[in-house]
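Given next are the chains, with one letter for each unit.
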Amino acid sequence: MNSSVAHHQAVGQAANKPRGMIGGSIAFVLELFIWLAVALFFNILVELIGIFFQYWEVSGAAHSAQMIQTELNWLNRDFSGVFGNPAQTSVEFARSFYQSIFVWLGYDTRAALKESPRFSMYAEYIEAAANMIYLFAMRLVVIVFSFPIFFVFGSIGLIDGLSQRDLRRFGGDRESSYFWNRVVRFIKPMFILPFVIYLASPMSIHPSLAMLPFALCFGFTIWLSSLKFKKYL
């Protein structure tokens, strides 16, 4: 009787595992979209506040337009030889992203708002917000092209960490799950945080400066977690 109950419990747990993985994946995607929305909102908000208080060196929507041109020049200059042509891809995606938000059935709502007498006094703010959405889409493409960097550093950290773990175990060192449980919590933030900071930045940041330090931190976190990995937690 007890064996039958245990068998049914084991079957139930096995059936719930796929659902748990699916639920975890859906939760991660939803969390990612929330962070992207927060980054976009913060990006636009800071830009508009800077215009209102005349904080930027150039007035009005010229600051956001200047950021677009600066980051596009970086892509053309420093990443022209990269497979997939990030500069062209980012521009094409940004245009499609812009049209999906502002152009409905061939009608450009941004242009209509700027020409409307009711919203004409906010024309610079509307233009700046549209520019930041355009820049946000460009940066999304840069992030996609940055995934291999995280993969490379993560793979190096994983391989070296597991090798060091085997040497540590062969040396008779004791294992503890306490440290591993603390370190592994930083893997996810180290992967998401750089993208949020880069997307939300109200200033132009070179993609290499935005991604490379966090990729190194991500690889180090993977290395440390695999180094301290304990088989039986």
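Provided above is the structure to which this section pertains.
In what follows, the accompanying structure is described. For clarity, every value in this text was computed on a predicted model and none was experimentally measured.

Quick look at the overall build of the protein chain
Next, step 1: Secondary structure assignment for the protein chain yields eight helices and two strands.
Next, step 2: The N-to-C order of helical and strand elements in the protein chain reads α-α-α-β-β-α-α-α-α-α.
Next, step 3: Counting every position in the protein chain, which comprises 233 residues, the buried fraction comes to 35%.
Next, step 4: Sequence-distant contacts, at least 24 apart, represent 78% of the contacts inside the protein chain between residues at least 6 apart.
Next, step 5: Taken as a whole, the protein chain presents about 14,700 Å² of accessible surface, with 68% of it coming from carbon and sulfur.

A short note on the packing of helix α5 (residues 123–170) against helix α7 (residues 187–200)
Relative placement of two packed helices is described by the angle separating their axes and the distance separating the axes.
Next, step 1: At a minimum axis separation of 10 Å, α5 and α7 run at an interaxial angle of 150°. One finds that α5 runs roughly antiparallel with respect to α7. Crossing of α5 against α7: the hand is right-handed. Every residue of α7 that contacts α5 at Phe 136, Arg 139, Leu 140, Val 142, Ile 143, Phe 147 and Phe 150 is listed here: Met 190, Phe 191, Pro 194, Phe 195, Tyr 198 and Leu 199.
Next, step 2: Taken together, the residues of the contact of α5 with α7 sort by class into 12 nonpolar, no polar and one charged.

Points about the environment of Val 46
Next, step 1: Inspection of the secondary structure puts Val 46 in helix α1 (residues 2–52).
Next, step 2: Taking C-alpha positions, Val 46 is 6.4 Å from Pro 202, a pair spaced 156 residues apart along the chain.
Next, step 3: Once you skip the residues sitting within four places of it in the chain, Val 46 turns out to touch Trp 56 and Pro 202.

Concerning the nonpolar core
Next, step 1: Tyr 134, Met 138 and Phe 150 are the most contacted members of the largest nonpolar core, which has 39 residues in total.
Next, step 2: Broken down by element, this core gets its largest block of residues, 13 residues, from α5.
Next, step 3: Residues in contact with Met 138, not counting those within four places in the same chain, are Ile 68, Leu 72, Leu 75, Ser 90 and Ala 94.
Next, step 4: One finds Val 46, Trp 56, Ala 61 and Ala 128 within the second-largest nonpolar core, a separate group that totals five residues.

A short note on a nonpolar patch on the surface
Next, step 1: A grouping of Phe 41, Leu 45, Ile 49, Phe 52, Phe 53 and Tyr 55 is seen on the molecular surface, where their side chains present a nonpolar patch of about 730 Å² in accessible area.
Next, step 2: Locating Leu 45 in the fold gives a position in helix α1.

Some thoughts on the packing of α5 against helix α8 (residues 207–227)
Next, step 1: Closest axis-to-axis distance for the α5/α8 pair is 7 Å, and the angle between their directions is 25°. Taken together, the axis directions place α5 and α8 in an arrangement best described as roughly parallel. With respect to the hand of their crossing, α5 and α8 are arranged in right-handed fashion.
Next, step 2: For the contact of α5 with α8, a count of residues per class yields 17 nonpolar, seven polar and three charged.

Some thoughts on α5
Next, step 1: The end-to-end C-alpha separation of α5 is 68 Å, in line with the 70 Å expected for 48 residues at 1.5 Å each.
Next, step 2: The largest bend in α5 comes to about 35°, at Phe 145, with the proline Pro 148 one to four residues further on.

With respect to helix α3 (residues 86–102)
Next, step 1: With 17 residues, α3 extends 24 Å between its outermost C-alpha atoms, agreeing within 8% with the 24 Å of an ideal straight helix rising 1.5 Å per residue.
Next, step 2: For α3, the full list of buried residues reads Pro 86, Ala 87, Ser 90, Val 91, Ala 94, Tyr 98 and Phe 102. The buried residues of α3 all sit within an arc of 125° when viewed along its axis, so they share a single face.

Comments concerning unusual backbone geometry
Next, step 1: The backbone of Gln 54 shows a phi angle near 55°, a positive value even though the residue is not glycine.
Next, step 2: Checked against the element boundaries, Gln 54 lands in the loop between α1 and α2 (62–78).

Examining the environment of Gly 60
Next, step 1: Looking at the element boundaries, Gly 60 is found in the loop between α1 and α2.
Next, step 2: Residues in contact with Gly 60, not counting those within four places in the same chain, are Glu 47, Ile 51 and Glu 124.

Considering the side chain of His 63
Next, step 1: Mapped onto the fold, His 63 is located in helix α2.
Next, step 2: Excluding residues that lie within four positions of it along the chain, His 63 makes contacts with Glu 47, Trp 56, Val 58, Pro 202 and Met 203.

Procedures and definitions
Residues numbered from 1 in each chain as written. Predicted model: local features only at pLDDT ≥ 70, side-chain atom pairs only at ≥ 80, totals over all residues. Heavy atoms only, no water. Helix = DSSP H or I, 4+ residues; strand = E, 2+ residues; numbered from the N terminus. Buried < 20%, exposed > 50% of the residue type's maximum accessible area, 1.4 Å probe, protein only. Contact = heavy atoms within 4.5 Å. Areas by Shrake-Rupley, 256 points an atom, 1.4 Å probe, with all protein chains shown as cover. Axes fitted to C-alpha atoms, helices over the stretch in contact; angles between N-to-C directions. Parallel < 35°, antiparallel > 145°, perpendicular 65-115°, else oblique. Left-handed = near helix turned anticlockwise from the far one by under 90°. Nonpolar A, V, L, I, M, F, W, Y, C, P; charged D, E, K, R; others polar. Core = buried A, V, L, I, M, F, W, Y, C linked by side-chain atoms within 4.5 Å. Patch = residues over 30% accessible without salt bridge, like charges linked within 9 Å, V, L, I, M, F, W, Y side chains within 5 Å. Salt bridge = Lys/Arg side-chain N within 4 Å of Asp/Glu carboxyl O. Expected span 1.5 Å × (residues − 1). Bend = angle between axes of the 7 residues up to and from the residue. Arc of directions from axis to C-beta.

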